[in-house]
Amino acid sequence: MDEVVFITGNQNKADYVARYLGHPVKHQKVNLDEIQSMDLHEIVRHKVRQAYAIVQKPVMVEDAALEFTALGGLPGPFIKFFLEKMSLQDIADLLQGKDRSAMTRCVVGYYDGKDEQYFEGSLPGRVPEHPVEAGGYGFDPLIILDGFDVPRSEMKPEDHDRTYFEIKPFGKLKEYLENRSK
């Protein structure tokens with residue numbers, strides 16, 4: 001498997017993905033422009049091309065979205081901005097009296113200067129009426145995945161890990177990279 005640089009500021013995420021891929025993954029924090037779009041593929045396409053232009057090595061990037069059905073897909077990829085400006089409860093209250101169904105999505109992009117690939121993962125769920133402020137990462141407290149009774153932030157570690165790799169399509173990237181090196 002070729003060496004890939006994971007563009008993320010989160011060392012724990014890079015270590016987690018490296019363990020999953022069974023291959024050392026270098027990680028590098030790079031300040032990338034985040035274009036404003038509801039299209040997760042468009043955002044990742046821009047990030048992966050910009051990252052490659054800076055690093056000049058095969059790179060992977062990812063971006064995630066939390067889409068509320070009742071709000072036509074918002075906050076979507078803008079969830080990180082909602083989390084910076086609002087409490088979890090205020091975000092959940094946007095759905096007061098509305099359909100609480102939601103979808104969590106992630107797109108992983110790979111680019112080596114010639115080959116450009118995108119992989120998507122997603123899982124449906126619902127937004128709790130009263131999310132717990134502590135625990136989890138990012139929007140984990142805001143999504144109870146279908147088949148579970150607690151938010152991702154309160155899942156058993158084995159359930160959290162299993163669903164992590166269903167949402168985040170690193171397995172598809174791993175398969176692609178392994179097949180490529182044969």
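In case you missed it, the structure is sitting above this.
This text gives an overview of the structure that appears in the document. If you're wondering where the values come from, they're calculated on a predicted model, not measured in any experiment.

Regarding its fold elements, the protein chain presents six helices and seven strands. Secondary structure elements of the protein chain occur, N-terminal to C-terminal, as β-α-β-α-β-β-α-α-β-β-β-α-α. Taking 16 Å as the expected radius of gyration for a compact globule of 182 residues, we find that the protein chain reaches 17 Å, a close match to that expectation. Along the three orthogonal principal directions, the C-alpha set of the protein chain runs to about 50 × 35 × 25 Å. Counting all 182 residues of the protein chain, 48% fall into the buried class.

Another point: the nonpolar core. Met-60, Leu-66, Leu-142, Phe-170 and Leu-173 are the most contacted members of the largest nonpolar core, which has 37 residues in total. If you list the elements that add at least two residues to this core, you get α1 (11-21), β3 (59-68), α4 (88-93), β5 (101-111), β6 (116-126), α5 (157-167) and α6 (170-180). No other element matches the five residues that α1 contributes to this core. Setting aside anything within four residues of it in sequence, one finds Leu-173 in contact with Met-60, Val-108, Tyr-110 and Phe-119. Core analysis: the next-biggest nonpolar cluster, separate from the first, contains 15 residues, Val-30, Leu-32, Ala-51 and Val-55 among them.

Now for unusual backbone geometry. Residue Pro-75 is bonded to the preceding Leu-74 through a cis peptide linkage, with omega at 0°. Turning to its location among the elements, Pro-75 is positioned in strand β4 (residues 75-76). If you check the backbone angles, Gln-56 has positive phi at about 60° while not being a glycine. With respect to the secondary-structure elements, Gln-56 resides in the loop between α2 (40-55) and β3. A relative accessible area of 51% places Gln-56 in the exposed class.

Counting buried positions over the ten residues of β3 gives ten, a clear majority of the element. Residue alternation in β3 divides its side chains into two sets, Val-59, Val-61, Asp-63, Ala-65 and Glu-67 and Met-60, Glu-62, Ala-64, Leu-66 and Phe-68, and both sets are buried. With two bridges connecting them, strand β1 (residues 5-7) and β3 associate as parallel partners. Along β3, the bridge assignment pairs Val-5 with Val-59. As paired strands, β3 and β5 are joined by ten bridges and run antiparallel to one another. Paired with Ala-65 across the two strands is Arg-105, which belongs to β5.

Its place among the elements puts Asp-140 in the loop between β6 and β7 (144-145). Take Asp-140: its relative accessible area is 8%, and that puts it in the buried class. Within the structure, Asp-140 has its side chain in polar contact with the side chain of Arg-152 (distance 3.2 Å). Apart from residues lying up to four places away in sequence, Asp-140 is in contact with Pro-151, Arg-152, Ser-153 and His-160.

For the rest of this paragraph, the subject is the packing of α1 against α5. Closest axis-to-axis distance for the α1/α5 pair is 13 Å, and the angle between their directions is 85°. Regarding the angle of α1 to α5, the classification is roughly perpendicular. For the pair α1 and α5, contact is made by Lys-13, Tyr-16, Val-17 and Tyr-20 and by Asp-161, Tyr-164 and Phe-165, respectively. Considered class by class, the residues forming the contact of α1 with α5 number five nonpolar, no polar and two charged.

By the element assignment, Ile-7 lies in strand β1. Ile-7 gets classed as buried once you look at its relative accessible area, which sits at 9%. The spatial distance from the C-alpha of Ile-7 to the C-alpha of Val-30 is 6.4 Å, given a sequence separation of 23 residues. Apart from the residues lying within four places of it in its own chain, the contact partners of Ile-7 are Gln-28, Val-30, Leu-32, Ala-51, Val-55, Val-59, Met-60 and Val-61.

Rules of the game
- Residues numbered from 1 in each chain as written.
- Predicted model: local features only at pLDDT ≥ 70, side-chain atom pairs only at ≥ 80, totals over all residues.
- Heavy atoms only, no water.
- Helix = DSSP H or I, 4+ residues; strand = E, 2+ residues; numbered from the N terminus.
- Rg over C-alpha atoms; globule rule 2.2 N^0.38 Å.
- Buried < 20%, exposed > 50% of the residue type's maximum accessible area, 1.4 Å probe, protein only.
- Core = buried A, V, L, I, M, F, W, Y, C linked by side-chain atoms within 4.5 Å.
- Contact = heavy atoms within 4.5 Å.
- Pairing = 2+ DSSP bridges.
- Polar contact = N/O pair within 3.5 Å; in protein donor to acceptor, adjacent residues only side chain to side chain.
- Axes fitted to C-alpha atoms, helices over the stretch in contact; angles between N-to-C directions.
- Parallel < 35°, antiparallel > 145°, perpendicular 65-115°, else oblique.
- Nonpolar A, V, L, I, M, F, W, Y, C, P; charged D, E, K, R; others polar.

In short, the description is geometric, and any link to function would need to be established separately.
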